[in-house]
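Here are the chains, one letter per residue:
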Amino acid sequence: MLKMTNVTKKFGELTAVNNLSFEVEQGQVFGIAGPNGAGKSTLYNLITGLYPFEGSVTFNNGEIRGLPPHQIAKLGISRTFQIPQTFPSLSVEKSIGVGSHFGSRDGFEHDYVEKILRFVNLIDKRDSSTGQLNLLDKKMLMIGAALATKPRVLMLDEPMAGSNAKEIMKLMNLVQRINREMGITIIIIEHFMKVLTELTEKLLIIETGTEVCCGNPVDVTSDPRVIECYLGGNND
Ligand SMILES: Nc1ncnc2c1ncn2[C@@H]1O[C@H](COP(=O)(O)OP(=O)(O)OP(=O)(O)O)[C@@H](O)[C@H]1O
Ligand SMILES: [Mg+2]
């Protein structure tokens, strides 16, 4: 469904992504992990059209490299950010409505916004301003706004960061429901190995932009090369 081939991104002297190739299958939960600065978020920035790069990214066999971000979003690729970004002056409902307007072909869809508000458990806070939300709700809102564009692929960037065990359970449950009930393919960047082994069907580990290994998450997390590259890291 989403296929990267020999993707390289350099920022001046620094090679942030180094000749990376992998494919995410439709319906999959695909995990990406690696130490800080490995190039994980950069990968999302390339897929969503924020920077030029070398190599190829195809979505359902069509090349998307070089397309502007809004066209890539329209094809059905949506993402969240590592640090929750909200519109502080907007209400929860309006924030999701913005996404809905952006993604749909026929404008604002009230029923769909309502469905998402329930899905991310923010229906009771629909009139709150987003600035008042706690971190978990801000994350839920960011995921809700991404869902409002009706994506076929949702890319999450460290959605569990800064969360306690209970919040992690809630977020994991949400990710599973997005995948199973909405049929949306998921790519998830995460540091918590327990989350990755429970949630993902395939796991890619990168270090300094280069693939360390890729495959079944149980095999990958017990691979000596992965344990080595995580030594001293912040893996749980
Ligand atoms: N716009 C940019 N300009 C210059 N260098 C950048 C830019 N974006 C990222 N980098 C560099 O590219 C490398 C990869 O950064 P990236 O944010 O992709 O890492 P990451 O794997 O997401 O790390 P973390 O786990 O800390 O979020 C880092 O060395 C970073 O400083
Ligand atoms: Mg990052």
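Residues numbered from 1 in each chain as written. Chains lettered and ligands numbered in written order. Predicted model: local features only at pLDDT ≥ 70, side-chain atom pairs only at ≥ 80, totals over all residues. Heavy atoms only, no water.

### Details of the sheet that holds strand β7 (residues 153-157)
Cut-off, in case you're wondering: For two strands to be treated as a pair, DSSP must find no fewer than two bridges joining them. Only DSSP runs of H or I reaching four residues or more are called helices, and only runs of E reaching two or more are called strands; each is numbered from the N terminus. Structural elements are reduced to axes, namely lines fitted to C-alpha atoms, with helices fitted over the stretch in contact, and the angle between N-to-C directions of any two is expressed from 0 to 180 degrees.
An order of β6-β7-β8-β3-β9-β10 is seen for the six strands of this open sheet, with the pairing classed as mixed. Of all the strands in the sheet, the pair left with one neighbour each is β6 (77-79) and β10 (210-215). With direction set aside, neighbouring strand axes in the sheet form an average angle of 15°. Strand direction decides the pairing type here: β7 and strand β8 (residues 185-189), joined by five bridges, are parallel. What sits directly across from Asp157, in β8, is Ile189.

### Regarding the domain arrangement of the chain
Often, the extent of an interface is quoted as the loss of accessible area upon association of its parts. Let me state the cut-off plainly: Segmentation of the chain into domains, including their bounds, is taken from an automatic or database domain assignment. A contact between two residues is defined here by any heavy atoms of the two lying within 4.5 Å. A quick way to say it: buried area is the sum, across both parts, of accessible area lost when two parts are put together, with a 1.4 Å probe. By definition here, a salt bridge exists when the distance from a side-chain nitrogen of Lys or Arg to a carboxyl oxygen of Asp or Glu is within 4 Å. Here a polar contact is recorded for every N or O atom pair within 3.5 Å, except that within protein the pair must consist of a potential hydrogen donor and a potential acceptor, and residues adjacent in sequence are included only if both atoms are side-chain atoms.
Here the chain is described as being made up of domain 1 (1-76 + 151-236) and domain 2 (85-149). The straight-line distance from the C-alpha centre of domain 1 to that of domain 2 is 24 Å. Taken together, the 19 residues of domain 1 in the interface contact 12 residues of domain 2. Of all residues in domain 1, the largest losses of buried area upon contact with domain 2 belong to Pro151, Leu174 and Met182, amounting jointly to 36% of the total for that side. Where domain 1 meets domain 2, there are zero salt bridges. Across the domain 1-domain 2 interface, the total number found is three residue pairs in polar contact (both at pLDDT 80 or more).

### Structural notes on the site of ligand 1
Defined as follows: By convention in these notes, a residue is near a molecule or strand provided one of its non-hydrogen atoms lies within 4 Å of it. Throughout, the Shrake-Rupley method with a 1.4 Å probe supplies accessible areas, and for residues the shown protein chains are the sole cover considered.
Taken together, the neighbourhood of ligand 1 is formed by 14 residues, with Gly37, Lys40, Ser41, Thr42 and Gln82 sitting nearest. Thr42 places a side-chain nitrogen or oxygen 2.6 Å from an oxygen atom of ligand 1. Taking His191, its side chain carries an N or O atom lying 3.4 Å from an oxygen atom of ligand 1. Bound to the protein, ligand 1 loses 64% of the 630 Å² it would expose on its own. Secondary-structure elements contributing two or more residues to the shell around ligand 1 are β2 (14-24) and α1 (40-47). Among the elements that make up the shell around ligand 1, the one with the highest residue count is α1 (three residues).

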